[in-house]
Amino acid sequence: MEKGYEHTSIQDIIDHLGGLSKGAIYHHFKSKEDILVAVTDRMASESNQALADICNRSGLSGKEKLKTIFRESINRSVQNDIFTVGPNFHNNPKLLFSLLHDTIENVAPNYISPIIRQGISDGSIKTDYPEQLAELILLAANVWMNPMIFDSSEEESRCKFMVFSQMLQGFGLDVVDREILERLQELTSIYQKSKK
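Conventions adopted
Residues numbered from 1 in each chain as written. Predicted model: local features only at pLDDT ≥ 70, side-chain atom pairs only at ≥ 80, totals over all residues. Heavy atoms only, no water. Helix = DSSP H or I, 4+ residues; strand = E, 2+ residues; numbered from the N terminus. Contact = heavy atoms within 4.5 Å. pLDDT = per-residue confidence, 0-100. Buried < 20%, exposed > 50% of the residue type's maximum accessible area, 1.4 Å probe, protein only. Axes fitted to C-alpha atoms, helices over the stretch in contact; angles between N-to-C directions. Parallel < 35°, antiparallel > 145°, perpendicular 65-115°, else oblique. Left-handed = near helix turned anticlockwise from the far one by under 90°.

1. A closer look at the environment of L181
Its location among the elements puts L181 in helix α10 (residues 178-195). Each C-alpha atom, one on L181 and one on F161, is 6.7 Å from the other, the two residues being 20 residues apart in sequence. Contact partners of L181, with chain neighbours within four places excluded, come to R158, F161 and M162.

In structure tokens form, the structure reads like this:
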């Protein structure tokens with residue numbers, strides 16, 4: 001939080017671990033990147049639990065669940081921290097691969113696809129390709145619109161959000177709104193300031 005990922009060394013991490021030795025750290029982690037991957041894996045686990053909770057809620061249509069996921073995901077309390085310390089994904093291919101892998105192999109099939117299939121059943125979502133739509137939505141939201149991956153400015157993020165919103169509306173999914181746009185711009189601003 002103090003220095004951001006790019007400016008934090010392994011020694012900085014060790015200095016804040018209450019006396020653990022460098023050897024103890026290297027026994028568990030080969031690099032600073034491996035530490036970040038472990039942290040993001042833990043955060044992904046927490047996020048996936050929140051997705052499961054939304055997925056299992058009764059009384060919401062598939063479309064309402066998607067809207068809830070977008071709103072709750074972007075407003076999670078850890079988001080400011082993530083965008084403050086966020087790494088430059090251009091320098092961290094392992095982390096980028098981890099994000100892509102989790103998106104396609106875990107989140108899309110286990111959380112978003114079932115919601116889309118529910119939406120098809122309840123009439124709130126119209127598509128013949130629920131698995132592919134789940135992947136497309138997540139890749140656009142978590143990768144293409146992520147300023148930590150493409151170093152987007154607030155204006156670029158706004159334009160991407162508008163295209164994303166239009167794409168979803170083309171599927172009858174008016175699940176993102178001005179509040180989500182404003183939050184995305186806020187997170188983009190946090191990330192841009194942290195790079196300076």
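2. Quick notes on the confidence of the model for the protein
When pLDDT is averaged along the protein, the result is 87; 96% of the residues meet or exceed 70. Helix α7 (residues 130-144) holds the highest mean pLDDT among the elements of the protein, 96, whereas helix α3 (residues 32-55) holds the lowest, 77.

3. Re the environment of Q132
Mapped onto the secondary structure, Q132 falls in helix α7. Taking the relative accessible area as the measure of exposure, Q132 reaches 48% and is therefore partly exposed.

4. Structural notes on the packing of helix α9 (residues 154-170) against α10
A packed helix pair is summarised by two numbers, namely the angle formed by the two axes and the spacing between the axes. For the pair α9 and α10, the least separation of the axes is 9 Å and the interaxial angle reads 150 degrees. In terms of orientation, α9 lies roughly antiparallel with respect to α10. The handedness of the crossing between α9 and α10 is right-handed. Across the interface between the two elements, E154, S157, R158, F161 and M162 from α9 touch I180, L181, L184, Q185, T188 and S189 from α10.

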